[in-house]
Structures are given as C-alpha cells and as structure tokens.
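# Secondary and tertiary structure notes
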Amino acid sequence: VILSGPVIVWPVAEYFNSLGERSSKYMASYGMAMSNFCFLLSPNVGMGIRYALEGVIGTLLALGNMLLLNRAFGTWMQGGAYATREEFVDPNVADPIYRSEWLPLCNLGNGARFITTNSTQEFLQQCFMNVHWSSMTDGGIRSAIVLLDLALFTAVFLGVGFGASTRIYALTYLTFWLMLFVNPSSDAYMENPSDPWTQSIMTCIGCFLAVVGQFLPCPNTALGNATKLGGELTQSIAAILESLPFAPRQEIRVPLESALEAPQLWLSDLAGLCGAAWFEDLGVLPYRTRRRQKLEQYVELLGSLLQHMTLASRLGAALTDEELVKIEEKLPALVDVCAHAARALPPTTKISLDEDVLEDLQRAMKDLEEEFSAAVGAFSLTGPILSFTLAIISIASGAVERVKVLEKWVPPAESGLCKICRWFSELFRRLELPQTRSNPSHKLFVFRSTLAMVLSFLFGWVGLERAMVCYSFGAVVTVSVVVANTGQAGFSLGLIMTRLNSAVIGTVIGQAVQQVLAVQTVFHASLFAIFIWCYSVFLIFQILHSPDHASTALPVLAIGIGGLVPWTGVFRVYNAQIEPSAEISLAASVKSAVFGGGIMLVIDLFLYSSARGICEAELRKAFQKSEGLLLRVMGLRASTSAANADGSSNEETRVLMHLDQVASLIPMAKKEPAPRGIEFPVMLFSTVEQSLRIIAIELGTLEWMLEVSSNTALVGQEELGPLLTEIEGFLSKILNSSLVMFDDICKRKFLIAGTSEMTVASTIRRDILAKEYNRISTTPTTMKPETPKATTRRLSNLAHVAARRNSDSNSTQNFPELINQIRAKAKENRGLLPTSDLYAQVELLVSVLATVSKQANQVQITLAQYG
C-alpha cells in the first residue's frame, strides 16, 4: 500500500508526469516495478537480501544483453525496428500503422492490414506465418540475430543455473525488452536513457526498498530465527539423550521413536535459515560470520546425534526384560552419564561447555568404569547389552568431544586474493540451484525451455489474425514465469496449468479492478487502497505460510498488482469513458497467456524430462555409493575425501543425497503418463529406497561410533581381517546382484520377464527365488525354533547369513570357527569402558552388519520377485 502511494494520491503521479518525458517513463514503469517487488517477498532479512541480489543480477544480465545487441553492430541495429520502419495507411483504420523492415508482416492481428488477400490459398502463398516473404530484405538477418540472441542467452543462462528469482527477472525482462526492440511502433531504444535503463533503475530501487522493508519496524533476521529454533532443537535432543538408557522399556519406546522423528522438520528449516543467514553477513562481518559458521556446524552435529540415536533406540528395543534388569542393576551410572551429557549440550546463543557439568560427567564416567569392570569380571553382560551400552556411551562422549572441538574452532586465515576468490565462489554456489548441472535431465530441460521461449516469442512477434495481436509479449512472459519456477523432471501438465491459471486470474483481477476503482475521487482511491491491502494480505499469508499454495499465490499477487496500476501511472478522470484499448488489452493478455501455456504443453508432452528415468539413475547411483560406503566402513578402502564435521563419511552423505532425490521423484514419476499402460512401480522403488537408506544410516553410524571409540580396540586388529573380508564379500555380492536385477528391470521398462529368458539377471533371479522357496518350505510352522543363548545370538545370526555364500569361497575356515576365534580374542582385550572394550565393539559391529544384511537381502528378494 505504501509503495502504491504515488499512484493512489493521483496529484503526485500527475506532477511526475508533468516534469518531462523521462519522468513520465518512470510512472509508466511503475506497475512493472510493483509487480517485480512482489517477487521479492521473503520471511526474513537473509532471504530478502538474497532475492533482491538475485533480482538485481537478473535485471543487469538482461540489460547488458540488450545494450550489447543495440550497440554491438553500430548503427545497423541501433534503435531497433523503430529506426527503419515504414508508415502505411489502412483505410479501415483511422490512425497510421507501421511496418517493420526487419520482418514485414501482412497484418497486425487486430484488423489492420498491410497486404490484402482474397482467399486462404492466396494468403498462405504470400503470407505464410503472417510474414510477407516477397518483401524480405537484409532486415531478415536482423530478425535472425534477435532470435539467435534469445536462444543463446536462454540456453547459457539456464545452463549455468540460477535461483528462481534471478530466472524470473532475467527472462521476463529479456523477452519484454526484445519485443520492444522488434516493435516498429516502440521508440524505447531511440532515446537516451532507453526504456530498459529506466526500468532497470526502477527495479534496483524496488530491490533496495524490499531490503529496507525487512528492517522495519524491527529486523526479522534468519540468524536470529535459526538461533531460536536451534535452541529448541537442542532441548529436544538433550531430552532424547537423557531418556536413551530407558529405551528398552515398552512405555518409553513408543514416545522415544516419535520424538526421534519430530525434529527432522526442524533440521530442514534450520538448513534453510543457516543458508539465508549467509546473505546477512555475506561472509565479510567477522563476528557474525563466526557465529553463523559455528551455528551451522553445531546444527550438523545435532543432526548426526539424532541419526545415531536411532541406532541406539533400535538396539534398546531388541533387549529382553532380563537384559534390561541387568543394565539397571549392574550399570546404574549409565543414566547419570546420559543426563550429564544432555546437560553439556550448550545453547545455540553461546556454544561452549560448562566446566561444572564436565566435572559431573567425568565423575559419572569414573563410576561407570568401576561398574563396567565389575560386571565384565562377573561375566554378566551379554552381547546385546554391550552393543547397546557402547552405542549410548559413544553418543554421549562423542557429543561432548565434538562440542569441545567446536568451542575452540577458528576460521582458517587466508590471504587477500584467496579470500576474494573464495568469496565469489561461495556467492555463486549459494545463488546457483543445487545440483543443477549434475542433474541428468538438465540438458533436456535447457533445450525444452529454450525451444518454448523462442517459439512463444516468435508467435507473439508475428501474431495470429483475429486472435492475438502482433508484437505481444504476454505469451513469452508466461512461458518465462513457468520456466523460472519449473523443476527439472516430471510431466509438468499440472504445474503449467497452475501457472496458466495464476496468470489469467491475476490479469483479470488486476485490470478489472483498475477499470472500476482507478478513478480520481477520494472514495474510489480509498477503496483502491483497501483492496490492495486485503488482496496483498491474503496472498502474502498464503505465500509465507502455505508451501502447497505459495507457487500459485505468488504469480496471482505479482500479475494482479501490476495490472492494478494504469499504464500511464495516473487514475482516469471521473465519468471519463473507458477506452476500448483497455478491453482489448485485457482480452489480448488473457489470450496471450493461454497461447503461451499451450506452446509449453505441446513441447512438454514430447520433450518432458522423465521422472522415471531420473529416479532410475539416482537409485542406480545409490547402489554404487552404498558399496563404496561398505568398503570404507569395513576398513578395506581408504577414502581420499575428508570426513564431514560430524565425523560421518562423505560416502554416507552421497548415498543419502541420491536417496532423497529418489524419494522426491517417486510422486512425480507416479503422475507421469504410463507408456504402454505400464504403471510406475511405486512400491518397488519405495521399498528399495527405504532399505538402502537404513543400510547407509547403519553403516555411517557404526563408523562414527568406532571413531569415537579408542583406536587401540577394533581399529587395526589383524584378527578381524578375514572376518571383514568375508562379510564385505557377502554384502558386496548381494548389492551387485541387486544392481544387475535392477538394471534388467529398467531395461525392460518394468515389463515381466519371459519364462524362456536366459540372461545373467534371470539366472540370479531364479537362484534367489529358489533359495527363498526352500527356506520357506523347510521352516517348521508348528514348533518354535530353538532360541540361542543371548551371548551368541547376534554372532550366530551373522554366521548363519554368511554361511549362505557360495561354496567357492577362498576362505580356509568356516564362519562359525572364525567368529568364535574373534570372540575369544576379543575377551582377552577387555577395557574399562565399552568404548575401549574390543568385545563390545565386535558385538556392535555384528549387530549393525546383521541389520545391513537383512535389508540387503530384502532388496534382493524384492527385485527378484518383481522381475
């Protein structure tokens, strides 16, 4: 409402228009400036600065392109088509009309004609595509240069990858200014400064006002919100950590599992807030930068703790009532350790450890040493108890140790040139869309979008007789907005229709209300201001608080606000007749938007980036990265990449990244048109994705816990070499066979395999199904299987799984003998705490690998059954 003040108070607008032609151009661009301001709406200061920066970058890129196009060829193209236009007189039109030498048209689409034809055949012969081809001169080269410039700019711009705000500003301004450039009736490039300069200045002023608006009446900073939300997350994780020793209890287990799932949304919000906080300090304010960087690393630590607690909860749920009683009797100090570790987690306002809490934690650890040594001497701790205890102690001690490191952390010193280069690299990384160029569908997305932009611009240029006037930019601007907000994959029929509806609704509402309320009376001006207030409040609330409706509400708001402002920036006089051009403009805007949407629908129908194909590619990468993670955790392959700040490996991060992509693509793949009636196997992909996610999390957590443990225990033990080799070979074989079957299913486009098919995948599939059938048929149904002793339960399960390997193994001894030797050796190297106890670490290793083996077998059987 405040920004529209110069329009609502119409004497102000009239005063600016009376100052001269340049001032009147500013008022003529006021509606576009207010429309672009809507795209800068943000929930905090950081996002406001980012959107404003993206808007300025997009505007300057489009402006630079137009200045280059206008000046690069000297006077040959300077001034646009206006400089070489030809004046014509149509007896059916009162005013003179102008014909472009660059692309001579036969009619203007609104009834005005340059060439009169008497039949359709004659029209098609002389005026195909509404172009009078016999009148073409070297001006056609200029037209080709304009189209080539649009195609190159769009392809390079989308190929590099920028945020949605940069896309909207760059593409919409480029297409709008290009249409003015080829319009012989527009003198936008004949004067200095030209219209693009004027509108760019208005955009920069609007971006500045948008940033200033974030500080009034009080700044709503992303760093402040992240600090507050991080404090709530810290309290939640501290409560979970304190309750971990009671995880085996049934009354605690269900609330604990719910508490482990709830903070996931907080972590996602915190990641976005920390990313936005970078734009508040831009990496140049020392104190605020260090505070943000520490907060980012602390949030990463909290996220890893939350993930590791999931494993501890699973281990606790596997304990029996007798084992729970033993823990409470033999290790009562375990509760004190978790309680003090929870208290040691610092608030996000000051990431530092309390010395008194550390002393209490050290006393509790000494008490636990005495209790653990006594329990080990009495041989009263079973394997499940040891693995559960080790998981809890690793989480508690690991959290405290990493907070100590974070408390003393200082950013590395850099020289001036390196610092500048790193700053620009960080800026480009944060402005670029994540995983843009690495997306397998990105090239097709760029080609499809560029083709849609060029075709819609060309059709808007030549027009469509009696349907769409020539030199109309509504179609290509609609395509620009859709391209700016369209994802990389999936058939976007629903998205295009939503954007198209938004454009039509915003255009109709804006221009209709303008014709009714944009009148020079106090009553009408007051109603005009009230309408803007109500219209903006309702849609802004949807944008900021409704993720499902934000993408629809934003175009309706921006296009509607832009349509509310008269094209001169001044209200019409009371009782003045509404010009017929206003009705024509409204109809033309709606038809152009629909036509642009139709072009995108046709192109998208044939060239859409299949979410099915991308989902297959991402899941295939997850299979491959899972094997790399397995090799790393088993210690059989050294990774050249540094571990993450929370201690987890980069392989785990990559696996989860690919699986997140799969999870987000599955709904889009389900909505795609089914080729040959074959529906997308949602259950297959969901099952495989969930199993691989569990495998990655279990292995990553195991690696983190072993790193927290003493290096003298499990790490570096030569006796574990044969066991690790056997386990790695077994699990790698499962993953490899699963990948072969998955590739075969994708190659067949999810069709059922023939009974006579003889391939590697079919052989693997038959062997797996035969073994599964034999296992089910030989399993007794009337008698319960004999339950092994608690001390050997997990190791026996692992031995049973490993014994199912092919008989051609090079191992010189069977698995049970090897495991018994490892357990015997582990009992000779007992420690004072589970973190230094080899036997506890072996039990944890076996427990995790048993879960991994179970999930890998489930993936294998699922793929075999589907094939």
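Residues numbered from 1 in each chain as written. Predicted model: local features only at pLDDT ≥ 70, side-chain atom pairs only at ≥ 80, totals over all residues. Heavy atoms only, no water.

## A look at the overall build of the chain
Along its length, the chain carries 32 helices and two strands. Buried positions account for 52% of the 867 residues belonging to the chain. Just so you have it, the chain exposes about 39,500 Å², and 61% of that area is on carbon and sulfur atoms. (Helix = DSSP H or I, 4+ residues; strand = E, 2+ residues; numbered from the N terminus. Buried < 20%, exposed > 50% of the residue type's maximum accessible area, 1.4 Å probe, protein only. Areas by Shrake-Rupley, 256 points an atom, 1.4 Å probe, with all protein chains shown as cover.)

## Details of the state of the cysteines
Here the structure, examined in full by the defined rule, presents one disulfide. The disulfide partner of Cys-106 is Cys-127, and the S-S distance across this bridge is 2.0 Å. Residues Cys-106 and Cys-127 are joined through a disulfide that is left-handed, its torsion about the S-S bond being -90°. Of this pair, Cys-106 sits in the loop between strand E2 (97–99) and helix H6 (120–126) while Cys-127 sits in the loop between H6 and helix H7 (139–160), and the two are 21 residues apart along the sequence. Note on Cys-127: relative accessible area 0%, which makes it buried. For Cys-204, which is in no disulfide, the shortest distance to another cysteine sulfur is to Cys-207 and amounts to 6.2 Å. (Disulfide = S-S within 2.5 Å.)

## Some words on the environment of Lys-670
Structurally, the position occupied by Lys-670 is in helix H26 (residues 650–671). It is 5.6 Å that separates the C-alpha atoms of Lys-670 and Phe-680, two residues lying ten residues apart in sequence. Contact partners of Lys-670, with chain neighbours within four places excluded, come to Phe-680 and Val-682. (Contact = heavy atoms within 4.5 Å.)

## Observations regarding a negative patch on the surface
A surface patch of negative charge is lined by Asp-354, Glu-355, Asp-356, Glu-359 and Glu-407. The greatest single-element share of the negative patch, amounting to three residues, is contributed by helix H16 (residues 355–377). Looking at the element boundaries, Asp-356 is found in helix H16. Residue Asp-356 is classed as partly exposed on the basis of its relative accessible area of 49%. (Patch = residues over 30% accessible without salt bridge, like charges linked within 9 Å, V, L, I, M, F, W, Y side chains within 5 Å. Salt bridge = Lys/Arg side-chain N within 4 Å of Asp/Glu carboxyl O. Lys, Arg positive; Asp, Glu negative; His and termini not counted. Charge placed at Lys NZ, Arg CZ, Asp CG, Glu CD.)

## Section: the nonpolar core
Formed by 123 residues in total, the largest nonpolar core has its most connected members in Met-309, Ile-395, Leu-619, Phe-623, Leu-692 and Leu-863. For this core, the element with the most residues is helix H17 (residues 383–407), which contributes 13 residues. Sequence-distant contacts of Leu-619, that is, excluding residues within four places in its chain, are made with Leu-659, Val-662, Phe-685, Val-688, Leu-692 and Phe-742. Grouped together as the second largest cluster of nonpolar side chains are 102 residues, Leu-108, Cys-207, Ala-484 and Phe-528 included. (Core = buried A, V, L, I, M, F, W, Y, C linked by side-chain atoms within 4.5 Å.)

## Focus on the packing of helix H5 (residues 45–71) against helix H18 (residues 416–431)
Orientation of H5 relative to H18, taken along the N-to-C sense of each, is 95°, at an axis distance of 11 Å. In this view, H5 runs roughly perpendicular relative to H18, as classed from their interaxial angle. When H5 is examined against H18, the residues Arg-50, Leu-53, Glu-54 and Ile-57 are found in contact with a partner set consisting of Leu-427, Arg-430 and Leu-431. (Axes fitted to C-alpha atoms, helices over the stretch in contact; angles between N-to-C directions. Parallel < 35°, antiparallel > 145°, perpendicular 65-115°, else oblique.)

## Observations concerning a nonpolar patch on the surface
Together, Trp-197, Ile-201, Ile-205, Phe-208, Leu-209, Val-212, Phe-215 and Leu-216 line one region of the surface with nonpolar side chains, adding up to about 720 Å² of accessible area. Exposure remark for Phe-208: the relative accessible area of 55% places this residue in the exposed category.

## Things to note about the side chain of Ser-737
Within the secondary structure, Ser-737 sits in helix H28 (residues 721–747). For Ser-737, a relative accessible area of 9% corresponds to the buried category. From its side chain, Ser-737 meets the backbone oxygen of Ile-734 in a polar contact 2.8 Å long. For Ser-737, the side chain forms a polar contact with the side chain of Gln-860, separated by 2.7 Å. Those residues in contact with Ser-737 that sit more than four places away from it in its chain are Ile-764 and Gln-860. (Polar contact = N/O pair within 3.5 Å; in protein donor to acceptor, adjacent residues only side chain to side chain.)

## Brief notes about the packing of helix H12 (residues 263–281) against H18
Here H12 crosses H18 at 135°, and the two axes come no closer than 11 Å. Comparing their axes, H18 and H12 come out oblique. Crossing angle aside, the handedness with which H12 passes H18 is left-handed. Between H12, through Gly-275, Trp-278 and Phe-279, and H18, the contact on the second element is made entirely by Trp-423, Glu-426, Leu-427, Arg-430 and Leu-431. A class-by-class count of the residues in the contact of H12 with H18 yields five nonpolar, one polar and two charged. (Left-handed = near helix turned anticlockwise from the far one by under 90°. Nonpolar A, V, L, I, M, F, W, Y, C, P; charged D, E, K, R; others polar.)

## Comments concerning the environment of Glu-328
Its place among the elements puts Glu-328 in helix H14 (residues 321–330). Taking C-alpha positions, Glu-328 is 8.9 Å from Pro-245, a pair spaced 83 residues apart along the chain.

## Quick look at H16
Along its 23 residues, H16 runs 33 Å from first to last C-alpha, staying within 8% of the 33 Å computed at 1.5 Å per residue. When H16 is considered as a whole, its buried residues turn out to be Val-357, Leu-358, Asp-360, Leu-361, Ala-364, Met-365, Leu-368, Glu-371, Phe-372, Ala-375 and Val-376. Buried-residue contacts for H16 involve H14, helix H15 (333–344) and H17. Residue Asp-354 occupies the N-cap position of H16, its side-chain oxygen lying 3.1 Å from the main-chain nitrogen of Asp-356. (Expected span 1.5 Å × (residues − 1).)

## Quick notes on the packing of aromatic side chains
Scanning the entire structure with this criterion turns up 20 aromatic pairs. An angle of 85° between the planes, with centres 5.1 Å apart, marks the rings of Trp-423 and Phe-424 as edge-to-face. On the basis of relative accessible area, Trp-423 is assigned to the partly exposed category, the value being 25%. Cluster of aromatic residues (ring-pair linked, three or more members): Trp-278, Phe-279, Trp-423, Phe-424 and Phe-428. If you follow Arg-85 out to its NZ or CZ, it ends over the ring of Tyr-98, 3.7 Å from the centre. (Phe/Tyr/Trp six-rings, centres within 6.5 Å; stacked < 30°, edge-to-face > 60°. Lys NZ or Arg CZ within 6 Å of the ring centre and 35° of its normal.)

## Thoughts on the confidence of the model for the chain
Residues of the chain with pLDDT of at least 70 account for 85%, and the chain-wide mean is 80. Below pLDDT 50 for its whole length, residues 636–649 participates in 36 contacts with residues either more than four positions away or in separate chains. Of the regions scoring below 50 in pLDDT, residues 711–716 engages in ten contacts with residues more than four places distant in sequence or in other chains. (pLDDT = per-residue confidence, 0-100.)

## What about the side chain of Ser-143?
For Ser-143, the location among the structural elements is in helix H7. Ser-143 sits in the buried class, given a relative accessible area of 5%.

## Some words on the environment of Leu-229
Looking at the secondary structure, you find Leu-229 in helix H10 (residues 222–243). Among the residues examined, Leu-229 registers a relative accessible area of 15% and is labelled buried. Considered as a pair, Leu-229 and Asp-269 are 40 residues apart in the sequence and their alpha carbons are 8.6 Å apart. If we ignore the near neighbours within four places in the chain, the residues touching Leu-229 are Trp-266, Asp-269, Leu-270 and Leu-273.

## So, the pattern of salt bridges
Under the defined criterion, the tally for this structure stands at 16 salt bridges. Put simply, Arg-292 and Asp-281 hold a salt bridge, and the shortest N to O gap is 2.8 Å. Here Asp-281 lies in helix H12 and Arg-292 lies in helix H13 (residues 286–317), a separation of eleven residues in the sequence. Accessibility assignment for this pair places Arg-292 and Asp-281 in one class, buried. In this structure, Arg-693 engages Glu-689 in a salt bridge whose closest nitrogen and oxygen atoms are separated by 2.7 Å. Placement of both Arg-693 and Glu-689 in helix H27 (residues 682–708) is noted, with a separation of four residues, approximately one turn of the helix. Through salt bridges with shared partners, one network takes in Asp-281, Arg-292, Glu-296, Glu-426, Arg-429 and Arg-430.

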